[in-house]
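Listed here are the chains, written in short residue letters.
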Amino acid sequence: MTDINKESISVLNDLIETSKDGQEGFKTCAEDIKHPQLKALFVQRAADCATAAAELQAAVRSLGGDPETSTSVSGDLHRRWVDVKAVFTGKDEEAVLNEAERGEDHALKAYKQAMEKISKHNLVGIRDLVERQYHGVQRNHDQVKALRNQARAS
């Protein structure tokens, strides 16, 4: 396996963990919220993250690697914090949206780091996939932030 493939697989596996974290995080948010439209949004975002993870896993396989299949330790810790916090805040919309935005901040950072590694190591084979997913993460982040701002204002 070439160094380029090894580096590409490493970048993709990091993003698989991030996507799995997002999937589980949005699933937790969907469980914690009563508002039907927000619940539906979080269920859809969880499905989008699952699709992203599957795409990344397929890319790792095509490069001859073993794809990551689990969430990250930090993602697991974040979800436990969301669960604990939800108990104390009564699972109010703004609190759940705050946590969703925090999760999306983490995802954005992970994708930005991946894009930097792609540029640094000239990993052109994975650039389009990662860039497309990065734009989806940015859209999710902006939508969650706007919803949080709405909840805060009301």
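Residues numbered from 1 in each chain as written. Predicted model: local features only at pLDDT ≥ 70, side-chain atom pairs only at ≥ 80, totals over all residues. Heavy atoms only, no water.

Looking at an unreviewed UniProt entry, one finds the protein chain named PA2169 family four-helix-bundle protein, with Pseudomonas hefeiensis as its source organism.

Caption draft 1: Molecular detail of the nonpolar core. Leu12, Leu15 and Val130 are the most contacted members of the largest nonpolar core, which totals 22 residues. For this core, the elements supplying multiple residues, two or more each, are α1 (3–32), α2 (36–62), α4 (93–120) and α5 (124–153). Residue contributions to this core peak at seven residues, all from α4. In contact with Leu15, other than residues within four places in its own chain, are Leu56, Ala110, Tyr111, Ala114 and Val130. Judged by nonpolar contacts, the second largest core, of 14 residues, contains Leu41, Cys49, Val96 and Leu97. (Core = buried A, V, L, I, M, F, W, Y, C linked by side-chain atoms within 4.5 Å. Buried < 20%, exposed > 50% of the residue type's maximum accessible area, 1.4 Å probe, protein only. Helix = DSSP H or I, 4+ residues; strand = E, 2+ residues; numbered from the N terminus. Contact = heavy atoms within 4.5 Å.)

Caption draft 2: Structural view of the packing of α1 against α2. Viewed as axis vectors pointing N to C, α1 and α2 meet at an angle of 160 degrees, and their least axial separation amounts to 8 Å. Classified by the angle their axes make, α1 and α2 are roughly antiparallel. Crossing hand, α1 versus α2: left-handed. Across the contact of α1 with α2, the residue classes tally to 17 nonpolar, five polar and five charged. (Axes fitted to C-alpha atoms, helices over the stretch in contact; angles between N-to-C directions. Parallel < 35°, antiparallel > 145°, perpendicular 65-115°, else oblique. Left-handed = near helix turned anticlockwise from the far one by under 90°. Nonpolar A, V, L, I, M, F, W, Y, C, P; charged D, E, K, R; others polar.)

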